[in-house]
Structures are given as structure tokens and as C-alpha cells.
Amino acid sequence: MSEPDHDYDWLIVGSGFGGSVCALRLAEKGYRVAVLECGRRFADADFARRTAEVRRYNWVPHLGLRGILRLSVFRDVFVLSGCGVGGGSLGYANTLYRARPGFYAHPQWAELADWERELEPFYAEAERMLGVTAYDRDGPADVLLREYGESIGVGGTYRRTPVGVFLGEPGVTVPDPYFGGEGPARTGCTRCGNCMIGCRHGAKNTLVKNYLWFAERLGVEILPDRAVTDIRPLGDGTGADGYAVTHERSGAILRRRRRTVRARGVIVAAGALGTNRLLQRCRLSGSLPRLSDRLGYAVRTNSEAIISVCAPEGSDYDFSDSVAITSSIHTDPETHIEVVTYGQGGDSQGLLRQLMVTAGRRGTRPLHFLLAVARHPRLALSALRIRGTSRRSVILLVMQSLDNSMRLKVKRRLPNGAVLLTTEQDPLHPNPDSIPAAYEAARWFARRIGGTAYSGITEAVLGIPLTAHILGGAVIGAGPESGVVDARHRVFGYENLLVCDGAAVPTNVGANPSLTITALAERAMTFVSPKHEQEEASAVSQAR
């Protein structure tokens, strides 16, 4: 099919760490590229000042909330994910670790490549593009974390966080310091701690400041507020002739302004949840019937627990004078603990916490929670007093690189074709509903500062853990019997259809996954030849 038959060479669904990389690298290769993003575009000044500004912070478009944070509750996990042009980079914690060693050797994909060696140059390039640097100071939370590490014999694992933040002179705007003056002007970090609410100062290295900045200058079109509803192959159904992609206004009930565009190739990078929803929808509708039966399997959460410890009212503790995540330790080879702050603007996020309950499992946790409330009614009520708590709270983000997973499967198909997903635990390796190492650390912090430990509300009341790092569901595998995409991120059964986001990650990273997703996308794009080479090869083939 000739070029005029397509609106674009490549259409990318999503503008997060995978989609942004693909947009830039394909544009550099000479392709006409467009990005469809379900969220809105934000200037720095558009971000909320406080999480209580729900219209600008939370994403529930049917209710008119068009912010950067999406909350999704399933049977086995409560997921926080990002939304907007720049995807998860708008509200993530700037934290850019490389994967733990066990990540590369997992049997799901170990035989396909020497992944640690293979990804090394792409990690390096991702670190350059995202401006990774070690955080440059220790605050009260870091001092406590180092002390805790020393108390359990792992003080030597203490490390300042590699962050994607411009740590220049606070509040001072300077010409681009990263790309020889070709990027946007940047402002030195003010250490307000509000990174996860959205950086209003221009210090955070969001994808808008690097990959997307350069992609748009190469002609990439970014179309915000557009939700993709269908991807259908043209011609013989293999994708060789391209795809028709249908999209509509995000959250619209009336006046959806539905449109269909045609592209030679499609990259799905809508985040793990968005990608799974879209591909399941396309399979059930008959648009992509050849998708692997493994779609939805091997979904990971980084085996996370998110616990907070709040110092008492009137105390001098202020954990907000920093960036979101500043240091970490490893309590054992599989367990990684980071200290986190929401800054002074995150008080309303306290509504997502409740008294830490460690007894019982999924079925019995509600009973144990009620018993805990009966024994400690004042502490339970304290969870509802949120004013001033963000400044006094240190969040413990605990991640493990253990081999556990669940499945995202279709619970119901709605009349409009959309699907509702639910989770199902892997019977042999279920995702944990509690992590003892997290509770031990929280108890130590609470004793040390005279404060109170809280779990996420769904974990405390129902035994459903909270995660900000949902992965998998369309994972890399040797073939369609074990995965959805191959080692080059190409979807089995189709041509010119790729998955390049957290959905393709085959196992727990054991650390914040943003850098790994970026590196994987960088690698995937090296297998797409420049446009002029494809045109020359096509001309030779036609001449024969």
C-alpha cells in the first residue's frame, strides 16, 4: 500500500515512557508519526498545588476530573497510574533505578538474550535523556532510613536515589543544561516535595522536557484527550497493509467526536492497564483475533507495599523539604525500601490510609481490622485527621523482586464495546497481600519518631495491596504460547504492531520500573529500519 493511503507511517497509543521514546526515535528515522494520548496536555503552571484540587489532580473524565492520577481498584490490587501528555512521568517520583540482577535471568525471557549486557547501552542512553543524577543531600527521612538499615545490619546498602530532576540553583531558570542548549529552559529544584502532584517549577525531567520536546520539533503530532477504541488491520488482516485506528474524545458520553485514521504501523504504549484493556477489547470485538491467549497473564506489581508513618502533631519533623524519593536500602537481596514524601500539598492523600493491620489474610482481614479499631479507636480516628499530615509523614515504598503474578481478565463487556477487567491470582505464585519487611520497617520508624504507622486503606481493611507500578499482561516471550510479543516487542500474529510499555515487562523489576521501560523501548526502536531504507527495499522488491 503506498504512502498516500495512510494518514501516518506510525501511530502511537500513549505518551509515557515507552510511547515517548518511540515517537522520537521513529521521527528521527524519517517517519510521519502521531501520538494519541487519552489525557490532557499540561503546562507547568497547570498542575495542582495540592492533591485536594481533585479536578486538576485526579483522572475521572466522566465526572469532569482531568488531572494526572488515575485510581483503579481490582479484586487483588489497588493501582495508582498516570495520565496526560507525558504519561506517568507527570506524577511519578522522579526515581530512575536500573533493574535488580534477577530481572535479567527470569525464565520467562532469559533464553532470548543476554539481557543485562543487551540493555546496558540503552540504560545509558535513557539516563542521558532523562537527566539522571544522584540526589545530593540527606534529609530527616534519609537519616532515619540509614539508621534503620544500620540497626538491622544492612547499613552498607544505603544509597541516595538516582533522580530525573534538575538540581540547579533553587528557583533560578537557566538555558537548557542537558542537550547543548537545544532543549527547554529549566529551573532549579526548590525541594518542595510536590513532585508526585506535578512539578510547577520546571525542575522535574518529565518526558515533555526531553523525548516529547524533540519529537514535536521533528514533526510528531501529539493529539491529547483522545481515547483509542479500536485497532483493526487493513487488507488481509495481518497488518501488512497497515491499520485503521478509531479514537474518540476521552470521557465523552455525548459528542464523542469519533474519528478513524490509518497508519502503516501501530505501537501500543498506553500503560499496563490501558494496553491490556485496549488489546482485550480488540480481541473480543474481532479486530485482533490472532492475539496470543497469554494476553492478560504474568501481570506484576513489583510485589509492593506502601506504608506511611506520621509523626505526632506538634513535632518538629518535616519530611517535605526534598524531592519525592531521596534514598533507599536493601533489607535482603530481594527487598528494596525507599523513603517517600508527597510534600506539603499531599494532605488529602491521607484519605487513602488507615490503621496498619498485619494480622489475617484476604478473607479475614476485615475482621482483624474491626478488632484493631475496637482496641485502638483513637488511632483509627487519627487516620481521618489529615490536615498538616503530609509534611509530618514519611512513606515507605517497599518493593520485592520475587516471582509472583496475577492475571488481568475480562469481567464484563459493556454495550459500547469497552471491557471491565478483574484480577485472578496465579495459583502457584500469588501476589502477596502483605510484606512483613514493610511492617517491620514501619514499626521501627513509628517507635523512633513517636508516630503512628498506617497502611493503604484497601490493604488495612480488605488485604488488597496498593501499587504504583503495575506491569505485564502483554509480556515478552519466546512464542505465542508463552508471551504476547517477541524479543523485539512485535506482537505475535501481526506485522507492524508493537507493544512498548510496562505491559511488555516480563517480570518484577525489583525497583521503580520507569528507566527499564525506557531502556526497553530504546532497544525496540533500533530494530525499525530508517524510512528511506524501507522504501529502497520495497522498490527493489517491486522491481523483481
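Residues numbered from 1 in each chain as written. Predicted model: local features only at pLDDT ≥ 70, side-chain atom pairs only at ≥ 80, totals over all residues. Heavy atoms only, no water.

The subject of this paragraph is the overall build of the protein chain. Across its full length, the protein chain holds 14 helices and 25 strands. The C-alpha extent of the protein chain, read off along each of the three principal axes, is 80 × 55 × 50 Å. For the protein chain, long-range pairs separated by at least 24 residues make up 73% of all intrachain contacts whose partners lie at least 6 apart in sequence. Of the roughly 21200 Å² of accessible surface on the protein chain, 52% is carried by carbon and sulfur atoms. For the protein chain, the distance from the average position of its 65 positive side-chain charges to the average position of its 56 negative side-chain charges is 8 Å. (Helix = DSSP H or I, 4+ residues; strand = E, 2+ residues; numbered from the N terminus. Contact = heavy atoms within 4.5 Å. Areas by Shrake-Rupley, 256 points an atom, 1.4 Å probe, with all protein chains shown as cover. Lys, Arg positive; Asp, Glu negative; His and termini not counted. Charge placed at Lys NZ, Arg CZ, Asp CG, Glu CD.)

By secondary structure assignment, the location of Arg412 is in strand E21 (residues 406–413). Accessibility expressed as a relative area gives 43% for Arg412, which makes it partly exposed. Other than its neighbours up to four places away in sequence, Arg412 contacts Ala418, Val419 and Leu420. (Buried < 20%, exposed > 50% of the residue type's maximum accessible area, 1.4 Å probe, protein only.)

The final tally for this structure, using the stated rule, is twelve aromatic pairs. Their ring planes at 5 degrees and their centres at 5.2 Å tell us that Phe42 and Phe47 sit as a pair that is stacked. Like Phe42, the residue Phe47 is buried in the burial classification. A centroid spacing of 5.5 Å and a plane angle of 15 degrees characterise the contact between Tyr317 and Phe319, whose relative ring orientation is stacked. Taking the relative accessible area as the measure of exposure, Tyr317 reaches 24% and is therefore partly exposed. With a relative accessible area of 4%, Phe319 lands in the buried category. Taken together through their ring pairs, the aromatic side chains of Phe103, Tyr104, Trp109 and Trp115 make up a single cluster. Its end group placed over the ring of Tyr297, Arg294 keeps NZ or CZ at 4.2 Å from the ring centre. (Phe/Tyr/Trp six-rings, centres within 6.5 Å; stacked < 30°, edge-to-face > 60°. Lys NZ or Arg CZ within 6 Å of the ring centre and 35° of its normal.)

The next thing to look at is the pairing of strand E2 (residues 33–36). Both faces of E2 are covered, namely the face carrying Val33 and Val35 and the face carrying Ala34 and Leu36. Where strand E1 (residues 8–13) lies against E2, four bridges are found, and the strand directions are parallel. Opposite Ile12, over in E2, you have Val35 as the bridge partner. Of the crossover connections in this fold, the one passing from E1 over helix H1 (residues 17–28) to the parallel E2 is right-handed. Summarising the sheet, E2 and strand E12 (residues 221–223) pair through three bridges and their orientation is parallel. Bridge assignment links Val35 to a residue of E12, and that residue is Ile222. (Pairing = 2+ DSSP bridges. Right-handed = clockwise from strand over helix to strand, strands pointing away.)

Turning our eyes to something else, we now look at the pattern of salt bridges. A pair can form between side chains of opposite charge whenever their charged atoms are brought close. This structure, assessed with the given rule, holds 32 salt bridges. In this structure, the salt-bridge partner of Arg117 is Asp114, at a minimum N-O distance of 3.6 Å. A salt bridge links Glu125 to Arg128, with the shortest nitrogen-to-oxygen separation between them at 2.8 Å. With Glu125 and Arg128 both in helix H4 (residues 115–130) and three residues apart, the pair spans about one turn of that helix. The partly exposed category is assigned to Arg128, whose relative accessible area is 44%. Each of Arg25, Glu28, Glu125, Arg128 and Glu522 takes part in a single network of salt bridges with overlapping partners. (Salt bridge = Lys/Arg side-chain N within 4 Å of Asp/Glu carboxyl O.)

Before going further, it helps to spend a moment on helix H8 (residues 365–375). Within the sequence span of H8, burial applies to Arg365, Phe369 and Ala372. Viewed along the axis of H8, the buried residues span an arc of 60 degrees, placing them on a single side of the element. Turned more than 90 degrees off the buried face of H8, the exposed positions are Leu367, Leu370, Ala374 and Arg375. Where H8 is buried, its residues contact strand E19 (353–355), helix H11 (436–449) and helix H12 (457–462). (Arc of directions from axis to C-beta.)

To continue, consider the sheet that holds strand E5 (residues 69–73). Spatially, three strands are ordered E5-E6-E24 in an open sheet, and the strand pairing comes out mixed. A strand with exactly one partner marks an edge of an open sheet, and here the two such strands are E5 and strand E24 (466–467). With five bridges connecting them, E5 and strand E6 (residues 78–82) associate as antiparallel partners. Bridge pairing links Leu71 to Leu80 in E6.

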